[in-house]
Amino acid sequence: MPAVRMKSRLITLKPSGMRIEVAEAGKGRDLLFLHGAGGHMLNDPLLAALATKYRVAAPLLPGYGRSDGEDGLRDMLDFTLHTLDAMAKLELEAPIVVGHSMGGMIAAEMAAIARTEVAKLCLLAPAGLWLDDHPVVDIFSKLPYELPALLFHDAEAGKKLMTAGGGDMNDPEFLKQFLVTNARRLGMAGKILFPIPDRGLAQRLHRVIAKTLIVWGQEDALIPPVYGEAFRKAIPGSKLVKVAKAGHAVGQERPDAVLKAIQAFF
Amino acid sequence: MKFTWFHLMPWPYMPDDFRQKHRSVWVDLPNRMYEPERGHSVYHRYLDQLEFAESVGFDGIGVNEHHANAYGLMPSPNIMAATLTRRTSKAALVVLGNSIALYNPPLRVAEEFAMLDVLSGGRLVAGFPVGTSMDTNYAYGTIPALTREKYAEAHELIRKAWAADEPFAFNGRYTKLRYVNCWPKPIQRPAPPIFIPGGGSVETYDFCLDNTYSYSYLSYSGYLRAKLLMEGYWKRVAERKADESPYRAGFAQVICVADTDSEAERLYGPHVSYFYNRCLHVYPGFADAPGYRTIKTIQTGALSQFTQSGRDYPNMTWKDLTENRYVVAGSPETVRQQMEELIRSLRVGNIFCLLHVGDMPDDKVRHSTKLFAEKVMPHLRNLWPEWNNHDDRFWIHPMNERVELKVAAE
């Protein structure tokens, strides 16, 4: 796969006036990508794969990267409207809205609220539902070294992806920077995911009329694949694709499989 | 100086292999370990000790709030303080405090604190902690990044509720009340003295100065390591051009007094070890939920005592703990010297004395407490002569004539 260079720029949203960062690359049909609680990876393999076939725009939520204004977003409706504002500002043409994990939760809310604005929806292991018999792992209490095994089927390869270009945890300055970045991101994510990632999406999913593809890693240890079935049942006419040898970071672990599924469906 | 005898009320029956068998004393420790019938005697022994502390001359007796843990068994410190209102008559009841962001509506705290102030005849010191991340976020489910905003709103509501003489409407983001009407109201006007437990959040310094609240640093790592943090506080006091009353600040200290230094180790060593190795055994993932601390605070490098130094405790000996002043222990003269150094170096007017430590049995608690009260405290009383051992803004104002109690059993 040819390497794709993501370019990033700052945009100002209307009417909130919030300044956020958006990563962009590729040519083709428009695709809006919404990241999960961890934000974008350095050299994100999924964004690179998607950009070979689509014009990808990937806005970062406040608290992630150079996007700020996190104090202005508190609850699910704030996140949803903010992301709709970002989509409007990017002037995308009938985009496929792809959301991973927390981003999938936001994408599904957008589709439930702005029914006609989101016509093509792709949810990659989305958060947003809760099944008592299959509790979602409490990501907030996990220590950094525990994350690769929760996010990836191949924890060793995942660890390399996560720390690519990173620093040394024993260096106090790096550690401080890591803690600040982590607190900003997960502090923000906690507003819609803590302590239980259910903000009422279940009672709104039946409103979704978008053509919907759901993708789940068969080895997802964070949000078990049984949630894929729950989303499929809740969204009328949706399709569920399970990807073998992939964990929660299904797109980062199996970018080609996810790209193929999206191309085949839309 | 004001000395408050403070009880954490830990569960004293954690087994020897506790650290190996359990990852945390807080949040997910199975409560099958709690034995209610043993708990009955534990509670009453602890309450007896608080009452004893008043009888030997402590200025205050203190309780606090924690949840889902074996470290401190007071989910409701107000219940404990209520029992103490009946059996004590002089000491300040230092409730340090109620985690006001956790209550819905937070008016509940205004009401219960008012009840305590009225019951005790104006002896309440009210504490408003944010609460640890273990309590506030993991045990009580408050969203970490919204905790402080919720706290600020709850504080505003409580102060308004105490100040008002008529019902009013409160339209907060988190609490909406058409009729705020606090019955009863506290005896102490406009409010009982208020102490704010802080752990190095820089915003808290200003909050205390803005409202004339006393800043209380509750640390278990001793006064040597507290110096930097308290210097930050006093620097802020100077910047704000506030007066430098030592009663603007308080410090918690683990203290063990015996007849000699070596006797102290023999008597208290095992219980100190129980405290540092079992009571403070917190899983680091629960110590600091992302978003709980502000970015500014993380950037200044003030980390939670549970994340920062907790991991060293298993390897620390009695010698390490006492020489580095995590614990102030020894003969009355040793303890006096170290306490004086603590009080002067941190510039504090309030000491929260932790004289019950870990699984310490009652006779040792009373022995240590009595020695401190009789042989140490009198020598420390007047370390701030320019303030006459008192600052009206930061201590209780009991009513003059209180009703005589008729306790049925007596």
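Trainee: Account for the overall build of chain A, with residues named and values stated.
Mentor: What chain A contains, in helices and strands, is 9 helices and 8 strands. Its C-alpha radius of gyration of 17 Å places chain A within 12% of the 18 Å reference for a compact globule of 266 residues. Principal-axis analysis of the C-alpha atoms gives chain A an extent of 50 × 40 × 40 Å. Each of the 266 residues in chain A was classed as buried or not, and the buried ones make up 53%. A separation of at least 24 residues holds for 75% of the contacts in chain A among residues at least 6 apart in sequence. About 11,700 Å² of surface is accessible on chain A, with carbon and sulfur atoms providing 53% of the total.

Trainee: Requested: an account of the packing of helix H3 (residues 102–113) of chain A against helix H6 (residues 172–193) of chain A, with residues and values cited.
Mentor: Residue and element names in this part refer to chain A. Contact geometry for H3 and H6: axes closest at 11 Å, N-to-C directions at 45°. With respect to each other, H3 and H6 are oriented oblique. Note on packing geometry: the crossing formed by H3 with H6 is left-handed. On H6, the residues that touch Met102, Met105 and Ile106 of H3 are Ala189, Ile192 and Leu193. Its residues assigned to classes, the contact of H3 with H6 shows 6 nonpolar, no polar and no charged.

Trainee: Describe the pairing of strand S1 (residues 2–6) of chain B, naming the residues involved and giving the relevant values.
Mentor: Residue and element names in this part refer to chain B. Burial analysis of S1 places 5 of its 5 residues in the buried class, the great majority of the element. Burial along S1 is two-sided: Lys2, Thr4 and Phe6 and Phe3 and Trp5, pointing in opposite directions, are all buried. In this sheet, strand S11 (residues 350–354) lies alongside S1 in parallel orientation, the contact comprising 4 bridges. Across the sheet, residue Lys2 finds its bridge partner in S11, namely Asn350. As defined by bridge partners, S1 adjoins strand S2 (residues 60–63) across 3 bridges and the pair is classed as parallel. For Thr4, the partnering residue across the bridge sits in S2 and is Gly60.

Trainee: Give a detailed account of the interface of chain A and chain B, specifying residues and quantitative values.
Mentor: Contact with chain A, which involves 20 residues of that partner, is made by 21 residues of chain B. Roughly 1,700 Å² is buried in total at the junction of chain A and chain B, and carbon and sulfur atoms are behind 70% of that figure. Broken down residue by residue, the surface that chain A buries against chain B is led by Arg74, Ser141 and Phe194 of chain A, which jointly contribute 35%. Arg74 of chain A serves as the salt-bridge partner of Glu149 of chain B, at 2.6 Å between the closest nitrogen and oxygen. On the surface where chain A and chain B come into contact, there are 3 residue pairs in polar contact (both at pLDDT 80 or more). When its residues are assigned to classes, the side of chain A that touches chain B shows 8 nonpolar, 4 polar and 8 charged.

Trainee: Any chance you could break down the pattern of salt bridges for me, citing the residues and the numbers?
Mentor: By the definition in use, this model includes 35 salt bridges over all chains. Here the residues in one salt-bridge network are Asp206, Asp210, Lys235, Arg236, Glu239 and Arg240 of chain B, joined through shared partners.

Trainee: So what's going on with the nonpolar core? Residues and values would help.
Mentor: Among the nonpolar cores identified, the biggest contains 201 residues, and Phe58, Phe128, Trp162, Tyr276 and Phe372 of chain B are the most heavily contacted of them. Excluding anything up to four places from it in sequence, Phe128 of chain B contacts Asn98, Ile100, Val109, Phe113, Tyr151, His155, Ile158, Trp162, Ile194, Phe195, Ile196 and Pro197 of chain B. By size, the runner-up hydrophobic cluster in this structure holds 27 residues, among which are Leu50, Tyr54, Leu124 and Val258 of chain A.

Trainee: Before we move on, can you summarise the side chain of Thr85 of chain B with the specific residues and values?
Mentor: Mapped onto the secondary structure, Thr85 of chain B falls in helix H3 (residues 77–87). At a separation of 2.6 Å, a polar atom in the side chain of Thr85 of chain B contacts the main-chain carbonyl oxygen of Ala82 of chain B.

Trainee: Outline the packing of aromatic side chains, supporting the account with residue identities and numerical values.
Mentor: Residues and elements named next belong to chain B. Counted by the stated rule, this structure contains 28 aromatic pairs over all chains. Both rings, one in Tyr283 and one in Phe286, keep their centres 5.2 Å apart while their planes meet at 70°; by these two values the pair is edge-to-face. By the burial criterion, Tyr283 is buried, and Phe286 matches it. Cluster of aromatic residues (ring-pair linked, three or more members): Trp26, Tyr71, Tyr220, Phe275, Tyr276, Tyr313 and Tyr326. For Arg38, the ring lying beneath its charged end belongs to Tyr13, and the centroid distance is 3.6 Å.

Trainee: Residue-level account of the sheet that holds strand S1 (residues 7–12) of chain A, with values.
Mentor: All names here are of chain A. Taking strand neighbours across the sheet as the criterion, the 8 strands line up as S1-S2-S4-S3-S5-S6-S7-S8 in an open arrangement whose pairing is mixed. Since the sheet does not close on itself, it has two edges, and those belong to S1 and strand S8 (239–243), each with one partner. Taking each pair of neighbouring strands and ignoring which way they run, the sheet shows an average axis angle of 25°. As defined by bridge partners, strand S3 (residues 29–34) adjoins strand S5 (residues 96–100) across 4 bridges and the pair is classed as parallel. Paired with Leu31 across the bridge in S5 is Ile96. Contacting strand S6 (120–124), strand S7 (211–217) and S8, helix H7 (residues 226–234) runs over the sheet at an angle of about 170° to S7.

Trainee: Give me the lowdown on the side chain of Glu51 of chain B, citing residues and values where you can.
Mentor: All names here are of chain B. Tracing the chain through its elements places Glu51 in helix H2 (residues 36–55). Classification of Glu51 as buried rests on a relative accessible area of 16%. If near-sequence neighbours (up to four positions away) are discounted, Glu51 is found in contact with Leu84, Arg87 and Thr88.

Rules and cut-offs
- Here the residue numbering is sequential within each chain, running from 1 through the sequence in written order.
- Here the convention is simple: chains get letters from A, ligands get numbers from 1, in the order in which they are written.
- At least 70 in pLDDT is required for a residue's local features to be given in this predicted model, at least 80 for side-chain atom pairs to be given and counted, and no such filter applies to totals for whole chains, interfaces and linings, which use all residues.
- To obtain the side-chain values, all non-hydrogen atoms of the structure were included, while hydrogens and water were left out.
- In this description a helix means any DSSP run of H or I spanning at least four residues, a strand means any run of E spanning at least two, and both kinds are numbered starting from the N terminus.
- Between the two quantities, the radius of gyration covers C-alpha atoms and the globule rule is 2.2 Å times the number of residues to the power 0.38.
- Exposed residues in this analysis have more than 50% of their type's maximum accessible area, buried residues have under 20%, and partly exposed residues fall in between, with area computed by a 1.4 Å probe over protein chains only.
- We call two residues in contact whenever any of their non-hydrogen atoms come within 4.5 Å of each other.
- Every accessible area reported is derived by Shrake-Rupley at a probe size of 1.4 Å, with residue values counting cover from the shown protein chains alone.
- Convention adopted: a line fitted to C-alpha atoms gives each axis, helices being fitted over their contacting stretch, and angles between N-to-C directions are expressed from 0 to 180 degrees.
- Comment on the angle field: the value is read as roughly parallel under 35 degrees, roughly antiparallel over 145, roughly perpendicular from 65 to 115, and oblique elsewhere.
- Each crossing gets its hand from how the near helix is turned against the far one by less than a right angle, where anticlockwise is left-handed and clockwise is right-handed.
- Each residue is assigned to one of three groups, with Ala, Val, Leu, Ile, Met, Phe, Trp, Tyr, Cys and Pro labelled nonpolar, Asp, Glu, Lys and Arg labelled charged, and all others, Gly among them, labelled polar.
- Following DSSP output, two strands are said to pair if at least two bridges run between them.
- The term buried area denotes the loss of accessible surface (1.4 Å probe radius) that occurs when two parts are joined, taken as the sum for both partners.
- Each reported salt bridge corresponds to a side-chain nitrogen of Lys or Arg within 4 Å of a carboxyl oxygen of Asp or Glu.
- As used in this structure description, the phrase polar contact means that two N or O atoms lie within 3.5 Å; if the pair is within protein, one of them must be able to donate a hydrogen and the other to accept it, and residues adjacent in sequence are counted only when both atoms belong to side chains.
- Remark: nonpolar core denotes a set of buried residues (Ala, Val, Leu, Ile, Met, Phe, Trp, Tyr, Cys) joined through side-chain atoms within 4.5 Å.
- Only the six-membered ring of Trp is used, alongside the rings of Phe and Tyr, when aromatic pairs are assigned; centres must lie within 6.5 Å, and planes under 30 degrees apart are stacked while those over 60 apart are edge-to-face, with the rest tilted.
- Placement of a positive charge over a ring is assigned whenever Lys NZ or Arg CZ falls within 6 Å of the ring centre and within 35 degrees of the normal to the ring plane.

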